[in-house]
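Okay, here's what each chain looks like letter by letter:
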Amino acid sequence: GNENSGRNPLILPEYACQRATCLKHFNHKFTKALEILQKHAELRDNERDSSRALAFRRASCVLKSLPFPLTSMSQLKNLTNIGDHCKRVIQEILEDGECREVNELQDDWFQKMVVFTNIFGIGSATAKKWIEKGWSTIKEAQEGYISSDWRVRWGLAFHTDLNTPVNLQEAQYIQQIVRKEAETILPGIILQITGGFRRGKEEGHDVDILMTHPEEGKEVGLLARLLQRLQNKGIILCGNLEKSTYSDEMLTLDSKLSAKGQLDHFEKWLGIIKIPHSCSENPAMDYSGSLSIISSCVHKGTGCSVDNSTCCTASEQPLNYQPLNLDESLDLESKAKKQKLGTENEISPMELAKLDRNWIARRVDLIVSPYDQYFYALVGWTGNKQFNRDIRTYAQRELGMKLSSHGLYDLNKNCALPARSEKEVFQNMKLQYIEPWERNC
Ligand code: GTP
Ligand code: MN
Ligand code: MN
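Residues numbered from 1 in each chain as written. Chains lettered and ligands numbered in written order. Predicted model: local features only at pLDDT ≥ 70, side-chain atom pairs only at ≥ 80, totals over all residues. Heavy atoms only, no water.

1. Regarding the domain arrangement of the protein chain
Note: interface size is frequently given as the accessible area lost on complex formation between the parts. Partitioning the protein chain into domains gives domain 1 (3-105), domain 2 (108-162), domain 3 (166-368) and domain 4 (373-438). Taking the mean C-alpha position of each, domain 1 and domain 4 sit 25 Å from one another. Contact with domain 1, which involves 12 residues of that partner, is made by 14 residues of domain 4. In this assembly, domain 1 packs against domain 4 so that about 1100 Å² is buried in total across both faces, 58% of it on carbon and sulfur atoms. Of all residues in domain 1, Tyr 15, Cys 17 and Arg 57 bury the most surface against domain 4, accounting for 49% of the area lost on that side. Inspection of the region where domain 1 meets domain 4 yields 0 salt bridges. Summed over the shared surface of domain 1 and domain 4, the result is 4 residue pairs in polar contact (both at pLDDT 80 or more). Of the residues belonging to the side of domain 1 that touches domain 4, the class tally is 7 nonpolar, 2 polar and 3 charged. (Domains from an automatic or database assignment. Contact = heavy atoms within 4.5 Å. Buried area = accessible area lost by both parts, 1.4 Å probe. Salt bridge = Lys/Arg side-chain N within 4 Å of Asp/Glu carboxyl O. Polar contact = N/O pair within 3.5 Å; in protein donor to acceptor, adjacent residues only side chain to side chain. Nonpolar A, V, L, I, M, F, W, Y, C, P; charged D, E, K, R; others polar.)

So this is what it looks like as structure tokens:
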């Protein structure tokens with residue numbers, strides 16, 4: 001035995017939305033292996049694999065909420081969601097320090113699939129076709145693939161930029177630019193970084209920003225005007241504005257909003273912007289006021305505390321430094337245009353990426369929600385994806401309610417349950433409040 005065996009039998013609540021799951025935990029050795037199994041099943045991408053993928057993820061998620069490092073199989077006795085396959089993997093890691101199946105999965109095919117599906121706009125079907133053609137590098141795809149999808153053209157061209165993780169300083173820089181323009185258009189606007197940064201991650205693949213206005217209807221038309229202003233500043237590289245397709249019946253009917261689905265009907269813009277290279281490096285900038293460090297982060301229900309550094313969250317306050325000047329890089333581009341084409345024609349994304357430039361491309365998601373849906377949208381766009389799956393399944397199975405980013409609908413009483421705060425979203429579902437940084441399932 002060890003000092004932790006006295007804690008058993010440990011009972012963890014069945015649903016991840018009833019537990020705290022922090023970024024830092026005691027069982028990375030196991031969860032990394034299980035998430036490779038999950039990733040592999042996702043990449044193979046057929047119906048049977050996708051349910052296996054979810055089973056691996058659920059097991060991993062349980063281990064992330066354990067308040068101690070797993071040292072013996074007996075500690076799994078009272079835990080749900082850990083099937084036989086996962087148990088074999090865990091046992092092998094306990095005995096040998098690694099799992100042969102997991103090692104063997106990470107073959108050439110897997111590595112290539114990971115590289116290709118990391119390209120913006122590329123899914124596993126296209127990645128598989130590329131591998132069948134014998135391609136194994138980004139360069140081969142850049143040279144050999146012509147896509148009609150703007151995401152793929154830009155994703156391929158700016159692959160190096162977009163695969164360099166966005167850090168917190170860059171996220172806050174982007175938030176500040178967006179806030180400044182949005183507040184000019186619509187005073188009183190509420191704007192919040194969501195996604196991984198809100199969950200306390202220090203890096204991400206994009207910046208997710210959710211917007212609303214407390215006066216009903218004021219948010220209509222905001223996004224198009226905001227994008228026009230950002231365009232005029234010269235910082236938009238590409239993107240797509242999706243109009244809202246929401247209607248009230250969707251709260252009850254829409255299958256897109258099912259427990260599994262992450263899709264919603266908000267007006268949103270998914271795109272790529274450019275920010276100065278130096279905005280994450282400039283030592284003269286003072287970020288001391290930019291983080292609200294939460295002093296203690298306690299695993300709910302398990303009594304385990306995790307060190308502060310994992311529990312910071314992006315501030316909701318605007319920062320006070322000047323956005324850097326992009327004029328120089330714009331000059332560079334117009335020069336290149338004239339040299340290359342002698343006209344005002346657009347240069348291709350690939351040519352643009354190859355320029356000597358002082359900016360980096362960053363993926364940004366901008367989402368606009370009506371205020372009466374805002375706190376549900378906030379939960380949905382904070383995630384993570386697995387937390388969303390779980391809390392939606394919980395609502396359906398345990399409460400007979402339908403949860404989406406648009407609201408919560410009681411299917412028995414036939415009524416929607418409004419929420420005026422994120423805490424109320426949890427109260428409406430009879431759940432203890434789970435902080436954003438405890439939603440890293
Ligand atoms: P990184 O960006 O890699 O740091 O991770 P992330 O958790 O921020 O992932 P991502 O930006 O993909 O998504 C943020 C949250 O928004 C997640 O909880 C997703 O489930 C959710 N999300 C992403 N796309 C959509 C969408 O089209 N509709 C809805 N409703 N949610 C989405
Ligand atoms: Mn994100
Ligand atoms: Mn996103």
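2. Examining the pattern of salt bridges
Taken as a whole, this structure holds 20 salt bridges when the rule is applied. Residues Glu 35 and Arg 57 are paired through a salt bridge, measuring 3.7 Å at the closest nitrogen-oxygen approach. Highlighted residues: Glu 35 in helix α1 (residues 28-44) and Arg 57 in helix α2 (residues 47-64), separated in sequence by 22 residues. In this structure Glu 35 comes out as partly exposed when scored by relative accessible area, which is 23%. Classification of Arg 57 by relative accessible area gives buried; the value is 16%. Close ionic contact of Lys 64 with Glu 35 constitutes a salt bridge, the shortest N to O distance being 2.8 Å. Of this pair, Lys 64 sits in helix α2 while Glu 35 sits in helix α1; the two residues are 29 residues apart in sequence, bridging distant segments of the chain. It is possible to trace a salt-bridge network through shared partners that takes in Glu 35, Arg 57 and Lys 64. (Helix = DSSP H or I, 4+ residues; strand = E, 2+ residues; numbered from the N terminus. Buried < 20%, exposed > 50% of the residue type's maximum accessible area, 1.4 Å probe, protein only.)

3. Focus: the coordination of the manganese ion (ligand 2)
Note on the manganese ion (ligand 2): its protein donors are Asp 206 (OD) and Asp 208 (OD). The metal-donor distances range over 2.0 to 2.1 Å. Between the manganese ion (ligand 2) and the manganese ion (ligand 3), the interatomic distance is 3.6 Å, and Asp 206 donates to each metal, bridging them. Judged by relative accessible area, Asp 206 falls into the buried class, the value being 6%. With a relative accessible area of 9%, Asp 208 lands in the buried category. (Donors = N, O, S within 2.8 Å, 3.2 Å for Na, K, Ca; no water.)

4. Observations regarding a negative patch on the surface
Among the surface-exposed residues, Glu 216, Asp 248, Glu 249 and Asp 372 lie close enough to one another that they form a single negatively charged patch. Its location among the elements puts Glu 216 in the loop between β4 (207-212) and α12 (222-232). By relative accessible area, Glu 216 is classed as exposed at 54%. (Patch = residues over 30% accessible without salt bridge, like charges linked within 9 Å, V, L, I, M, F, W, Y side chains within 5 Å. Areas by Shrake-Rupley, 256 points an atom, 1.4 Å probe, with all protein chains shown as cover. Lys, Arg positive; Asp, Glu negative; His and termini not counted. Charge placed at Lys NZ, Arg CZ, Asp CG, Glu CD.)

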